[in-house]
Structures are given as structure tokens and as C-alpha cells.
Amino acid sequence: MYKIAVMDGAMIALYFVVVLYIGFHFKEKISGTTDYYLANRSLGFLVIMATVSASIIGGASLIGRGGIVYSDGVVGILLAVPYLIGMYVFSLISGRIQSVGKKFNIGSIPDLMRFRFGPKIALMTAALVAFTMMATVGSQITATATILKTLGGISYEAGAWIGVSVFVTYTFFSGLYGVVYTDVVQFLVLIVFVYMILPFICVSKVGGVTQLFHSIPDHMLQFNISPKIIGWIFTNLLFTLAGAEMWQRAFAAKSPQDAKKGMLLGNTIYGFTIIISVFISLCAVVLLPDIIEKYGTADAAVPAMVIHYLPVGITGITIAALMAVLMSTADTYLLISVQTIVSDIIKALSKNLDDKKELFLSRIFTILLGFGALIIALYIRQAYAALMFSWTFYAASLGFPALAALYWKKATKIGVAAGIIAGFVGSTCWRLIGSPLHLSPSIAGSVACGIVILAVSLITYKEETRTPFPEI
């Protein structure tokens, strides 16, 4: 078992100090909930680029996909490409999201649903968003535990508690300011040490790119697509269109141009990291063929490459970068969860919650939800498995309704409500009956959702009772 060197430990500690300092530094900018949730709609395109990249290349992206490539080969790319395509589509609509948000004081998907279809639809949406975002926080915590188990020196639970304590602290003090500006630092660390230095060393150790592909078994270089992978692809594609974290970034942009440009640049960088992460994992197949036997999981592929092939000091910085991967995604989804529960649910149900009280509650829920997700992820595995299923019904239930709210004038309250229910029930029931025809629950639920929204809205639409539409 690897033991962290003193210098490496010092570099990790220094990194934590830096991100905590950023959180404390920006706390003075927080005077209300618009500052806390949306950074006062002040983000320029470079900051959007960095925070989008840092959020996308999280634990599931680097650690999870690295494990899939290590065990199954280049087919792991197929899990990333749909998200890449979906994010390019989202980039094109992000300018409209920013314009609608600024003009009508809208700051979230449930907010938009409330503006167009009323409070009941907003509450339905908020419940789905909060549940799913908490699941994602839990997934990042689990990935953190995988890294720390691989590295050794810190116990599985203790390391996860430390990591969560750090990102909960800076999110508590400075909200989205803390999240996005720590993302900028994390983005720089990730790009330099994980996506530039590490792959260069790994490929050199193998003997070059040509030697790498000659050394990989042929079956790992083939795109063997299974029904399960098709389901993942479709879920990832739909998830991008209703991904609350990217809607939040678009709402927080300084202008429509900043939103669109930042999203396009950040997603393009993500595209390059997909290729690089595949090379790192394939190098692990050649250089460390016993990872599963030694560490118990293929997800340890990238962390194992770090501790075996980087020099002392650089290893510590890169370990910090791997922690950054996880924190930059976890803090994003934590803040979305807090915003949804406090602003979109509690405030909507309360008649006397002013901005000061809402900010206070937001900080309290940052602590409660952060450590709640930690406890579920580490100690209540059955609940965690249920949370992870939320990705499937979230994509099925909210992908098409979010687009209808933004673009379709003839969408009605009854149509959207029926669509959300159809997507949720359809995907859940399809899963419970064993996914017949090898069709994934997300596909079945999305088809049901889309058909129901279209049919019911056209049947119930009346010009004189048309819901408000965000004209810009």
C-alpha cells in the first residue's frame, strides 16, 4: 500500500489551504441570495469556461470512465461523447437562458417552471432536481474514497470527511463565488498536472503511442456496444439538456455572449480531456495489469498511475488535482441542492421568508446537505443506490419539459405536468420490469414524456389562457 511522502502531504495540505482562502476571500461579496446562488450574474466567459470544464471533468468523468476504459477498452469513449454533443447543443441555448434569467429575474429551472406554469409544476421540478443533485454529490464522495483507498495513508472514511469538510466550508461562506473561483484554480491544476504532465510521462514509460496500441489487446480497441451502454449514452445526452448545474452557470453569466462563448470553450476543452484520459487508462492496462487484483476496482487506474509514475512533490500536487476533480463537481451540485430546497421549495411554501433569512437558511442547508450526502454515500449503501437511479428518471422527466418551458409557447400546465409524471413513471416502471427489448429506462421514460407533453398540450391549449412566455 502506497504511503504518502511528507512533501506530497505538504502539497495536498497547501492546496486545501488555497481553496479555503478563496472561499473566505469572496465571502465579503455575499450580501443576498442572488450573490450566493448566482454570483450576482457577474461571470465572464473565461470564468464560465474554467468552471464548466472543472465541473464536467469530475469523478465520474476521470475516475469512473478511466475504470471503464481499463476494464472494457475504448468503448468507454462512448460514455463521454454524448455528453460532449449535448453540451454543444446546450451551449447554443445558453445565451437565451441568460437573457431570460436576467430579464425576468429567474435563477433556476424550477424558477422558470414557476414563471411559465405556476407553483405546483415548480415544486414537482424542484423535488426531482434536489434529489438528483444530492445523488451526484454522493457519487463524487464515493470517488474520493476510491482515490484515498488507493493512495493509502488516510483511511477511507477519514479522507472522505476531510474532503467534504473543505468544499462544504468554502461553499458555506461564499456560495457560487467560492464554487466558481475555486473551480478556476482547480481547472488550472487539473489541466497542467493531470492532463498534460501525467499522460506525457505515461506514454513515455510505455515507449510511445505506436508501442502503446501494439501492446493493447485487440478486443480493447473495438467499440463493442451493448444495450446497457446505449442506455448510458441516451441518459447522458438528455441529462445535459436539463442539467441544473449548467443552467445555473448560464443564469450567472454577465451576458448572453459570455454564457455562450464560455460554454463552447469549456466544452471544447472537455473534448480534448476525453482523448487524454483514454490514453492514461490504456497506459495503465500495459504498465499496471494487476490494478483490480491489487486495489479491488478498475476505478483505481488513474490514481494508481499517479502514485507509480510521478516523482515526489509532483505526486502530491497531482493527488491534490485528483481531489480537485471531485470537489469541483461536488461543490457545484451541493449548491444546486441548497438553492433548490431553500429557494425553490421552502421559500415557495413560506409567506414571510425575506432575503436575509433565505441566505441564513442556505448556509445551514449547505452544512446539512453536504454532510448528509457524505453519511449516505459512506454508510447507507442501499439509499445511495436508490439515489443513483435518480439520474435515469431525472433525464426522462425534465429534459423535454425544460426545453418546452424555454422555447414552446403552446406548452400548457397540464401538458408539462403530465409529461413529467409520464417520464418519471415510465422510466421507473420500465426499470422495475427489467427493461424489456433491451431498451433503457431513460429512453422509455423520455419517449413517454415527449409524446405526452406534445399530445396533452395541443389538446388543452387555448390562446386566451396561454401561460406566460419569456419573450426577449
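Rules and cut-offs
- Residues numbered from 1 in each chain as written.
- Predicted model: local features only at pLDDT ≥ 70, side-chain atom pairs only at ≥ 80, totals over all residues.
- Heavy atoms only, no water.
- Core = buried A, V, L, I, M, F, W, Y, C linked by side-chain atoms within 4.5 Å.
- Buried < 20%, exposed > 50% of the residue type's maximum accessible area, 1.4 Å probe, protein only.
- Helix = DSSP H or I, 4+ residues; strand = E, 2+ residues; numbered from the N terminus.
- Contact = heavy atoms within 4.5 Å.
- 1 Å grid on protein atoms, 1.4 Å probe; cavity = no way out; pocket = protein on both sides within 12 Å on 5 of 7 lines; lining within 4 Å.
- Points joined across faces, edges and corners; volume = space filled by probe spheres on them.
- Nonpolar A, V, L, I, M, F, W, Y, C, P; charged D, E, K, R; others polar.
- Axes fitted to C-alpha atoms, helices over the stretch in contact; angles between N-to-C directions.
- Parallel < 35°, antiparallel > 145°, perpendicular 65-115°, else oblique.
- Left-handed = near helix turned anticlockwise from the far one by under 90°.
- Disulfide = S-S within 2.5 Å.

## Notes on the nonpolar core
Line of reasoning, step 1. Membership of the largest hydrophobic core comes to 138 residues, with the highest contact counts inside it found for Phe167, Trp247, Ile291, Met305 and Tyr394.
Line of reasoning, step 2. It is helix H8 (residues 156–206) that contributes the most residues to this core, 22 residues altogether.
Line of reasoning, step 3. Dropping the residues within four chain positions of it, phenylalanine 167 is found in contact with Val137, Met327, Ala330, Asp331 and Leu334.

## Quick look at the layout of surface pockets
Line of reasoning, step 1. A volume near 230 Å³ is recorded for the second largest pocket.
Line of reasoning, step 2. Along the walls of the second largest pocket sit 16 residues, with Thr33, Thr34, Asn105, Asp111 and Ser343 positioned nearest its centre.
Line of reasoning, step 3. For the lining of the second largest pocket, the elements supplying multiple residues, two or more each, are helix H2 (33–38), helix H6 (109–117), helix H15 (314–349) and helix H16 (355–379).
Line of reasoning, step 4. Partitioning the lining of the second largest pocket into residue classes produces 3 nonpolar, 6 polar and 7 charged.

## Section: the environment of alanine 300
Line of reasoning, step 1. In this structure, alanine 300 sits in the loop between helix H13 (291–295) and helix H14 (301–309).
Line of reasoning, step 2. Note on alanine 300: relative accessible area 0%, which makes it buried.

## Focus: the packing of helix H12 (residues 256–287) against H14
Line of reasoning, step 1. Close contact between H12 and H14 brings their axes to 9 Å; oriented N to C, the two are set at 65°. As summarised for this structure, H12 and H14 are arranged roughly perpendicular, according to the angle between their axes. Crossing of H12 over H14 shows left-handed handedness. The residues of H14 that touch H12, namely those facing Ile280, Ser281, Cys283, Ala284 and Leu287, are Ala301, Val302, Met305 and Tyr309.
Line of reasoning, step 2. The residue inventory of the contact of H12 with H14, partitioned by class, reads 8 nonpolar, 1 polar and no charged.

## Points about the state of the cysteines
Line of reasoning, step 1. Overall, the coordinates contain 0 disulfides when judged by the stated rule.
Line of reasoning, step 2. With no disulfide of its own, cysteine 283 has cysteine 202 as its nearest cysteine by sulfur position, at a separation of 5.2 Å.
Line of reasoning, step 3. Judged by relative accessible area, cysteine 283 falls into the buried class, the value being 0%.
Line of reasoning, step 4. Cysteine 449 supplies the cysteine sulfur nearest to cysteine 429, a cysteine that is in no disulfide, at a spacing of 15 Å.
Line of reasoning, step 5. For cysteine 429, a relative accessible area of 40% corresponds to the partly exposed category.

## Observations concerning the packing of helix H3 (residues 45–56) against H12
Line of reasoning, step 1. Viewed as axis vectors pointing N to C, H3 and H12 meet at an angle of 40°, and their least axial separation amounts to 7 Å. In terms of orientation, H3 lies oblique with respect to H12. The way H3 lies across H12 gives a crossing that is right-handed. In this structure, H3 contributes Phe45, Ile48, Met49, Val52, Ser53 and Ile56 to the contact, and H12 contributes Asp258, Ala259, Lys261, Gly262, Met263, Leu265, Gly266, Asn267, Ile269 and Tyr270.
Line of reasoning, step 2. By residue class, the composition of the contact of H3 with H12 is 10 nonpolar, 4 polar and 2 charged.

## So, empty space enclosed by the protein
Line of reasoning, step 1. Under the defined criterion, the tally for this structure stands at 2 cavities of 30 Å³ or more.
Line of reasoning, step 2. Looking at the largest cavity, its volume works out to about 70 Å³.
Line of reasoning, step 3. If you list the elements that add at least two residues to the lining of the largest cavity, you get H6, helix H11 (244–252) and H15.
Line of reasoning, step 4. Among the residues forming the lining of the largest cavity, the class breakdown is 7 nonpolar, 5 polar and 1 charged.

## Here's the deal with unusual backbone geometry
Line of reasoning, step 1. Its identity as a non-glycine residue notwithstanding, alanine 39 has a phi of 50°, on the positive side.
Line of reasoning, step 2. Mapped onto the fold, alanine 39 is located in the loop between H2 and H3.
Line of reasoning, step 3. Here alanine 39 falls in the buried class, since its relative accessible area comes to 0%.
Line of reasoning, step 4. One non-glycine residue with positive phi stands out, namely arginine 41, at about 50°.
Line of reasoning, step 5. Counting through the fold element by element, arginine 41 comes out in the loop between H2 and H3.

## Thoughts on the environment of alanine 348
Line of reasoning, step 1. Relative to the elements of secondary structure, alanine 348 occurs in helix H15.
Line of reasoning, step 2. Alanine 348 sits 226 residues away from alanine 122 along the chain, and the two C-alpha atoms are 9.0 Å apart.
Line of reasoning, step 3. Filtering out sequence-adjacent residues up to four positions away, alanine 348 remains in contact with Arg114, Leu123 and Ser343.

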